[in-house]
Amino acid sequence: MTKALTFTVQNPQPSNLSTGSNGDSQSPKQKCRLGQLEFTPPTTTTATTTDTTKISLETPNFFQYTIQGLQPHLVPEVASHLESMPPAIRVNLEGFVKDREIPVSTEYPGKLHQFLGYPENNSPLLLLDIYDPVILERNIKPNSKSLGVDTEGGLQRITGKGLAKIVEKYRPDIFVLPADYVFSKIEELYEGKRVKKSVERTKNWITEYMDTSLSQSQKPALFVPLTGAPNETLREASVNFVKELDADGNVIDGYVISEYGIVGGYPLEKKLDMAWSSFSSLDQNKPRYMVGVSSPHDVVMSVDSAGIDLFDATYPYAVTEQGFASTYVFGDISVESRKDETLKGHISLWETPMFGDFGPLVPGCTCFACQRHTRSYVHHLLMTHEMLATVLLQIHNIHWYNNLFKAVRSSLKDGSFNEKKCAFLKNYVKQGEDGNAKYLLNELILLQSQTISPTTKAGYKKFGRRLSEDSATTA
Amino acid sequence: MSALSDYGRPGDEGYENRTPLFESNSPALKFKVYAKCSTTKARASTMVLPHYTARTPMFMPVGTMGTMKGITTKQLEELDCHVILGNTYHLGNRPGKDLLDKAGGLHKFMNWSRGMLTDSGGFQMVSLLKLAKITEEGVEFRNPHDDSLMMLTPEMSIELQNSIGADIMMQLDDVVSSLTTGPRVEEAMHRSIRWLDRCIAAHKNPDRQNLFPIVQGGLDIKLRTCSARALSERDSPGYAIGGLSGGEAKDQFWRMVSLSTDILPENKPRYCMGVGYAEDLVVCSALGVDMYDCVFPTRTARFGNALTMSGSLSLKSGKYAKDFTPISKDCDCPTCKTYTRAYLTTVVAKENVGCHLISVHNIAFQMQLMRSIRRAILHDDFPNFVRRFMSIRFGNTVPLWIINALKSVNIDLTVADESGYLATSIDSDFKK
């Protein structure tokens, strides 16, 4: 039987500049890569064979971050103004969990795609993961049998068996297997005990999930999280478990590296080194999905230093929630009419000079918000706590984020990636007054230092606090 | 038309190939009445405004700050909104007159190309600012931003409304609560007429903006009659019925509305301020009202309540967690075409986007209801429509005030119709 999900790695053009900036002189091999993720939806009973359209995704790319299947703030008729977005979405299971292990919505007769409002013959590639990556602080008390989910009504436990039942009902296209993520401070990570437990529990939960799903007829493609940081032996144990699981190469379809899993709490370079060391002994032809790291700076670095193919795209949402519009450019910035703003990476719509500025958010931008509305109007909407502010900003910011990936892919195709990466880092990594590097594009991944959009509901919980203050930077 | 939903479908409502029965031509407003109900006082008309030709009876959603609660102006067009409201008091604070002048008016500032109506700002003074004091000069109030004493005069209200540039402006009136009695009501009524004349004198753009007077007089028949007569003499492009919807008994409310429509000129549009519940829209249309506004549909959406013909659904409660049907199977709004009640339950309490989904439906619901009213009038089927509507909304027990109001325009719900529907009255307002 042919697999529904396939991934093809296409080696990028060799570049005349030197490889990776992480000084990995041992491996002259370029890590960044172009790929093609293809998905053939299963034929439905109602649809004729001609209706089955293949979903195709060029990588590096991202799964659209969604809240219950929707772009943050955007109802479908508004999101429809976004052009050439990747036809792939990320759905967080915890958004559906309330007071029972198997959510009520599993009783819906169709697939999760249809419950989320997508038509049967025109759904995006749907990836189901458990946790919402924008929530960084949790109190979920996992144990050897079950993981925990924070709900409005308190803690809800879910076992590997429960997950298999949920997945059988929801029928996502891709399911990210459970892992005992360590949502805690870096010091605890260094204590081998907690990490050791995490690797063991992950193994147990996945085994229980796999055993339960054996008898199920329709199975999604499976992505498996790699765990075990910071301990080399434990990382190896995690990799060995994955190898065992995927002995015939047909069980696992992709690997997940997560901010709160394997790489949490470390400087980006260290994270990427650890990720790479895990990848290097695994199947090179499977896609790599990075969760919890999505700023443009970190995307470029992750593509470059760990060959990451897929991202979670929470960054534009964080920028929106703080009342900012993205302006960063990967590539030639000489054509930008407001170079000063391009070099800042983002502009605040809260600022007083925006009051009488009747220009678009970014001159020349083709998004719905820039085509129809002005900075002055968005400033007014923010000042008056109106929800349309975040609607318009999210349209712009996700459009802009999509442009970044387009630019990264085309530079990988024409061999200019290294050159553009260097210029990009030069533009957006500055020397701070304290002598440390300042990462302009990582300024907005936390809410704590910025004014929070008045329309943000769960405010401080989301994007709340990183595992450590500097984890977002490579300092 | 068999089902109630047939009345509300999109497309021509019956205006095509008709000539107006009568009309009025003001410099910035042409009102053409195309059909009159042969039983009630209802009429279906068009109102040619500088920015858009609206069809009436119509409901105007309220976008206080130059935006409609997270809904884009493109969506509002797709939802068939003809005219939206802006609040002068709020817009005067933010973004302020100077910026609106620079932007070339609110239409351009918010990118809305259809009709717009602004209130005078007086109502907000009284409802928001406890320290407001009313003198012959105007409304004196304390600026909530810097605590200084300020004054809103009829001239200032019009100056600000001229800067906003709405198709329809409202006069500054002396607003008293509809529960107030005694000489204060009479004083307010007379003062409102004097302020109207000052507003008319201060109005700079009569060629592209319309100024509507407001009928006052509380719940007093004599005072309302006097007000309506005095205003009618001014030959304004249209008239508003004000000072109601403030907690008075519904049985008094409808009598004041009906009295006003009896006196106001037949060839001019009539606007009943602050009305938005479905049954009120149906009853007031039967009494001859053409325009309505209310914050209710969008406000209640933010609390997770979706409007239907038979009442509102609280999607925040777990009640609909397993209900895999749309809010309304007859509704053609994007939310109902895409989502189930169960889905909406999972998103409505959590995120702004959940509110947006319900707001879209609630605005669409109001627009569908108004389409059905217009279509029924144009097909001279309005009494039949009213009976069907009441049977679905209330069943066999209808609030007394509705029975009374409809009886006054020759629809007797207590007598069975062809379908056998009849209602008895209950002495309370509709609460669900």
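Naming follows an unreviewed UniProt entry, where chain B appears as Queuine tRNA-ribosyltransferase catalytic subunit 1 of Mycoemilia scoparia. You can read under Cofactor (unreviewed entry) in the UniProt record for chain B the words "Zn(2+)". If you open the UniProt record of chain B and go to Sequence similarities (unreviewed entry), you find "Belongs to the queuine tRNA-ribosyltransferase family."

Chain A has the name Queuine tRNA-ribosyltransferase accessory subunit 2 in an unreviewed UniProt entry, where Mycoemilia scoparia is given as its organism. Under the Sequence similarities (unreviewed entry) heading, UniProt states for chain A: "Belongs to the queuine tRNA-ribosyltransferase family. QTRT2 subfamily."

**A look at the interface of chain B and chain A**
Every contact between the two is made by 40 residues of chain B and, on the other side, 43 residues of chain A. Summing both partners gives a buried area of about 3,900 Å² for chain B against chain A, and 62% of it is carried by carbon and sulfur. One can count two salt bridges joining chain B with chain A. With a shortest N-O distance of 3.4 Å, A:Glu107 and B:Lys322 are connected by a salt bridge.

**What about the sheet that holds strand β2 (residues 29–36) of chain B?**
One key point about sheets: their strands pair by backbone hydrogen bonds, in either a parallel or an antiparallel sense. All names here are of chain B. With antiparallel pairing, four strands are arranged side by side in an open sheet as β1-β2-β3-β4. Edge positions in the sheet fall to β1 (22–26) and β4 (53–56), since each of these pairs with one other strand and no more. If you compare each strand with its neighbour and ignore which way they point, the axes differ by 15 degrees on average. Note that strand β3 (residues 43–48) and β4 share four bridges and pair antiparallel. Within β4, the position partnered with valine 48 by the bridge is threonine 53. Those strands touched by helix α15 (residues 352–378) are β2, β3 and β4, and its axis lies near 115 degrees from that of β3.

**Topic: the UniProt feature "binding site: Zn(2+)" (unreviewed entry) in chain A**
Residue and element names in this part refer to chain A. According to UniProt, the feature "binding site: Zn(2+)" (unreviewed entry) maps to Cys365, Cys367, Cys370 and His396 in the numbering used here. What stands out for the annotated residues spanning 32 residues is how close their C-alpha atoms remain, the widest pair being 8.4 Å apart. Mapped onto the fold, cysteine 367 is located in the loop between β16 (346–348) and α11 (368–372). Cysteine 367 sits in the buried class, given a relative accessible area of 3%. The contact partners of cysteine 367, leaving out residues within four places of it in the chain, are Ile395, His396 and His399. Excluding anything up to four places from it in sequence, histidine 396 contacts Ala325, Ser326, Leu361, Val362, Cys365, Cys367 and Cys370.

How each quantity is defined
- Residues numbered from 1 in each chain as written.
- Chains lettered and ligands numbered in written order.
- Predicted model: local features only at pLDDT ≥ 70, side-chain atom pairs only at ≥ 80, totals over all residues.
- Heavy atoms only, no water.
- UniProt positions renumbered as here; feature names shortened; annotations may be inferred.
- Contact = heavy atoms within 4.5 Å.
- Buried area = accessible area lost by both parts, 1.4 Å probe.
- Salt bridge = Lys/Arg side-chain N within 4 Å of Asp/Glu carboxyl O.
- Pairing = 2+ DSSP bridges.
- Helix = DSSP H or I, 4+ residues; strand = E, 2+ residues; numbered from the N terminus.
- Axes fitted to C-alpha atoms, helices over the stretch in contact; angles between N-to-C directions.
- Buried < 20%, exposed > 50% of the residue type's maximum accessible area, 1.4 Å probe, protein only.

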